[in-house]
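# Descriptive structure summary
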Amino acid sequence: MLGPSTRAVHAGLPEREQGEPLLAGPVLAANFHLRGPVDSTPYGYGRDANPTWSALEQALGSLDGGSSLTFASGMAAVTATLVGLVAPGETVVVTQDGYSGVRLVASERLAPARVKLRFVDTDSEEIVDACAGASLVWVETPSNPRLDVADIRAVADAAHAAGALLVVDNTLATPLGQTPLELGADLVVTSGTKSLCGHSDLLLGVVSTRDERLLERLRAWRSQAGSVAGAFEAWLAHRSLATLALRIERSNANALALAQALSERGDVLDVRYPGLPSHRGHAVAAAQMRHYGCLVGFTLADAARAQAFLGACRLIAEATSFGGVHTTAERRGRWGTDGVHEGFIRLSAGCEDVADLLADVDQALARTV
Ligand SMILES: *Cc1c(COP(=O)(O)O)cnc(C)c1O
């Protein structure tokens, strides 16, 4: 099989036709010519299928090692999976240190529909112990913002022994960082808004699976909910995939260098990065990940110092989200959604030169003692 960087560049490209572009442009269409039987082409109406999605989905499927569906956003992919595949009376296990939107869908949509919820830490043993009687297990690893790591293979075995589906939210790692379907997950959900597309210019969601029946249920959900990606976004996403390997290599190397530098300082507490040998989940991360992600967590004395630090950064922009080519950071406590220290900062390393990022952090910390 071709290497992941090669697949990221070549995946989903059309046949080589004389005079045709290497990557076809976006097909902006609400409806298509459809004469006679409605199943004579996949492309009849733009809420069901679009050739630009098909090309992108082929590319994403090749990276994830399954078949993929694209959605309007990461949350559209989350709700398709969580609401679309779970029935009243069933039990769902959800890791609580994860994207707040997932917890909200669980507690505000599933719980009122008589779905039983079990919230657990991103700790392999705790997840394994919670699987009995569940029908779906949702794990985000590395978790966010604490960056804890779960052993996907161990959790998949426990979920399957209980007759449950395992869903892994792979937004942080991307398929170049880890491939959950190969480690036993049934479904992998990715917000393309973050590292996958990486330019902070679009929203997109992806669900991939090797199970054709699950794929068809999710496809039906997408048509019914209408949670479809725009053709232009899908094309931009496909274009962005070609640089995924370059962006991941640079941003992840920058994240490691920043984590190392921060962990050597006396005025910075609790530096978290799965690639640091001192990180609690490092051994599992080293065994199942090819890259450790762009996010670094660290804690300054209090909210005031953390805000002052962010205000003193010159290159690093204060912004939410992560995975873009520009380095960003924010004080997570400002949202009130994550159980973190008020001085906790989540930094997303971008693709700048590492020396410039280290210098920016140094000068900003020095100016805000
Ligand atoms: C951002 C994010 C989502 C939601 O994605 P959107 O594209 O913002 O809807 C889901 N899961 C994780 C882990 C995320 O970081």
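Residues numbered from 1 in each chain as written. Predicted model: local features only at pLDDT ≥ 70, side-chain atom pairs only at ≥ 80, totals over all residues. Heavy atoms only, no water.

## Some remarks on the layout of surface pockets
Approximately 500 Å³ is the volume attributed to the largest pocket. Taken together, 29 residues form the lining of the largest pocket, with Y99, K194, T320, S321 and F322 sitting closest to its centre. Sorting the residues of the lining of the largest pocket by element identifies helix 3 (74-82), helix 4 (100-110), strand 6 (187-191) and helix 8 (192-196) as the ones contributing at least two each. Of the residues contributing to the lining of the largest pocket, the split by class is eleven nonpolar, twelve polar and six charged. Each of domain 1 (4-241) and domain 2 (244-366) gives at least three residues to the lining of the largest pocket. In terms of residue class, the lining of the second largest pocket is built from four nonpolar, three polar and four charged. (1 Å grid on protein atoms, 1.4 Å probe; cavity = no way out; pocket = protein on both sides within 12 Å on 5 of 7 lines; lining within 4 Å. Points joined across faces, edges and corners; volume = space filled by probe spheres on them. Helix = DSSP H or I, 4+ residues; strand = E, 2+ residues; numbered from the N terminus. Nonpolar A, V, L, I, M, F, W, Y, C, P; charged D, E, K, R; others polar. Domains from an automatic or database assignment.)

## Some points on the sheet that holds strand 12 (residues 344-348)
A sheet is described by the order of its strands in space; here five strands give the open sequence 8-9-12-11-10, paired in mixed fashion. Of all strands in the sheet, those with a lone pairing partner are strand 8 (269-272) and strand 10 (317-318), marking the two edges. Sheet topology note: the strand 10/strand 11 (residues 328-331) ladder contains two bridges and is parallel. Following the sheet pairing, A317 is matched in strand 11 by T328. Relative to strand 9 (residues 295-299), helix 11 (residues 244-263) is tilted by about 15°, and along the sheet it contacts strand 8, strand 9 and strand 12. Strands in contact with helix 13 (residues 303-312) are strand 9, strand 10, strand 11 and strand 12; relative to strand 11, the strand with the most contacts, it is inclined by about 160°. (Pairing = 2+ DSSP bridges. Contact = heavy atoms within 4.5 Å. Axes fitted to C-alpha atoms, helices over the stretch in contact; angles between N-to-C directions.)

## Observations concerning the state of the cysteines
Overall, the coordinates contain zero disulfides when judged by the stated rule. No disulfide involves C294; its sulfur sits 9.2 Å from the nearest other cysteine sulfur, which is in C351. Residue class for C294 comes out buried when judged on its relative accessible area of 2%. Judged by its relative accessible area of 23%, C351 falls in the partly exposed class. (Disulfide = S-S within 2.5 Å. Buried < 20%, exposed > 50% of the residue type's maximum accessible area, 1.4 Å probe, protein only.)

## Brief notes about the pattern of salt bridges
Within this structure, the stated rule accounts for 17 salt bridges. One salt bridge connects R219 with E216, and the closest N-O pair in it is separated by 3.0 Å. Of this pair, R219 and E216 both sit in helix 9 (residues 212-225), three residues apart, which is roughly one turn of that helix. According to the relative accessible area criterion, E216 is partly exposed, its value standing at 37%. E330 is paired through a salt bridge with R334; the nearest N and O atoms lie 2.8 Å apart. Sharing partners across several salt bridges, the network here consists of R103, E318, E330, R332, R334, D338 and R346. (Salt bridge = Lys/Arg side-chain N within 4 Å of Asp/Glu carboxyl O.)

## Overview of the side chain of R103
With respect to the secondary-structure elements, R103 resides in helix 4. Among the residues examined, R103 registers a relative accessible area of 16% and is labelled buried. A polar contact of 2.7 Å, which involves the side chain of R103, links it to the backbone oxygen of Q96. Contacts of R103, omitting those with residues within four sequence positions, involve Q96, G98, F119, T337 and D338. (Polar contact = N/O pair within 3.5 Å; in protein donor to acceptor, adjacent residues only side chain to side chain.)

## A look at empty space enclosed by the protein
Under the counting rule described, the total for this entry stands at one cavity of 30 Å³ or more. In this structure, the largest cavity spans a volume of roughly 50 Å³. Around the largest cavity sit S195, G198, R247, I248, S251, C294, G323, G324, V325, A349 and C351, which together line it. No other element matches the three residues that helix 11 contributes to the lining of the largest cavity. Residue composition of the lining of the largest cavity, grouped by class: five nonpolar, five polar and one charged.

## Observations regarding the side chain of Q178
Here Q178 shows up in the loop between helix 7 (174-177) and strand 6. Side-chain polar atoms of Q178 contact the side chain of N170, separated by 3.0 Å. If we skip the residues at most four places from it in the chain, Q178 touches T141, P142, I152, N170, A173, Q288, M289 and R290.

## Examining the domain arrangement of the protein
For the protein, the assigned domains read domain 1 (4-241) and domain 2 (244-366). Of note, the centres of domain 1 and domain 2, computed from C-alpha atoms alone, are 26 Å apart. Across the boundary between the two partners, domain 1 contributes 36 residues, which contact 34 residues of domain 2. Buried area between domain 1 and domain 2, both sides added, is near 2800 Å², and the carbon and sulfur share of it is 55%. (Buried area = accessible area lost by both parts, 1.4 Å probe.)

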